[in-house]
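Now for the letters of each chain:
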Amino acid sequence: HDSDSDPPVKRRRHQNGSDSDPSPPRRSSKRDASPSRRKAFPNSDGKNTGKSAATVYRSKSGKKIDLVKKREEDAKKAQEKEKFMDWGKGVVQKKEMETKVDDLLYEMSKPLTRTRDDADLE
């Protein structure tokens, strides 16, 4: 009776199609669930539910992370990294450039007309 010439057997499908959908049953909309929740917490101001609580951040291992402390540590690391970057660029050359700029700004602040009483007159 198992021959290839036999026509395939058609199976009946159920009207609602519940057997063909392997996924778990879906919940109804949130609007349906909210009245029962309101009954459970009639005068809830958020203290019991944690609505106004601060967010707790955790690392991969599950330890709590203090964001303020972490930002301070990151800023400190950035300052150290910046200091090392300055050393790589030449500390002495940078100081020479700053003194040169200061001297030029001082010369620019002098008046163009010079008199005999001028102390900087060369």
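Residues numbered from 1 in each chain as written. Predicted model: local features only at pLDDT ≥ 70, side-chain atom pairs only at ≥ 80, totals over all residues. Heavy atoms only, no water.

Next up on the list: the overall build of the protein chain. Looking only at helices and strands, the protein chain features 3 helices and 2 strands. Counting every position in the protein chain, which comprises 122 residues, the buried fraction comes to 2%. For the protein chain, the exposed surface amounts to about 13,400 Å²; the carbon and sulfur share of it is 52%. (Helix = DSSP H or I, 4+ residues; strand = E, 2+ residues; numbered from the N terminus. Buried < 20%, exposed > 50% of the residue type's maximum accessible area, 1.4 Å probe, protein only. Areas by Shrake-Rupley, 256 points an atom, 1.4 Å probe, with all protein chains shown as cover.)

The next subject is helix 2 (residues 67-89). Along an α-helix, residues three or four apart share an orientation, since each turn contains 3.6 residues. If you check helix 2, its first and last C-alpha atoms are 33 Å apart, about what 23 residues at 1.5 Å a residue would give, namely 33 Å. Little of helix 2 is tucked away: 0 of the 23 residues are buried. Of the residues one or two after helix 2, Gly90 is the one with positive phi, at around 105°. (Expected span 1.5 Å × (residues − 1).)

Scanning the model with the defined rule gives 1 salt bridge in all. The shortest N-O distance in the salt bridge between Glu107 and Lys110 comes to 3.2 Å. (Salt bridge = Lys/Arg side-chain N within 4 Å of Asp/Glu carboxyl O.)

All right, on to a negative patch on the surface then. A cluster of acidic side chains, namely Asp66, Glu72, Glu73 and Asp74, defines a negative patch on the protein surface. Among the secondary structure elements, Glu72 is positioned in helix 2. (Patch = residues over 30% accessible without salt bridge, like charges linked within 9 Å, V, L, I, M, F, W, Y side chains within 5 Å. Lys, Arg positive; Asp, Glu negative; His and termini not counted. Charge placed at Lys NZ, Arg CZ, Asp CG, Glu CD.)

On to a nonpolar patch on the surface. Residues Met97, Val101, Leu105 and Met108 make up a contiguous nonpolar surface patch of roughly 430 Å² in combined accessible area. Mapped onto the fold, Met97 is located in helix 3 (residues 91-109).

Here we take up the confidence of the model for the protein chain. Taken over all residues, the pLDDT of the protein chain has a mean of 77, while the share at 70 or more is 70%. The lowest-confidence element of the protein chain is helix 1 (residues 30-40), averaging 61 in pLDDT; the highest-confidence one is helix 3, averaging 91. (pLDDT = per-residue confidence, 0-100.)

Bringing the side chain of Lys110 into the picture now. Relative to the assigned elements, Lys110 resides in the segment after helix 3. Using a relative accessible area of 15% as the deciding quantity, one classes Lys110 as buried. A polar contact is formed between the side chain of Lys110 and the side chain of Glu107, at a distance of 3.2 Å. (Polar contact = N/O pair within 3.5 Å; in protein donor to acceptor, adjacent residues only side chain to side chain.)

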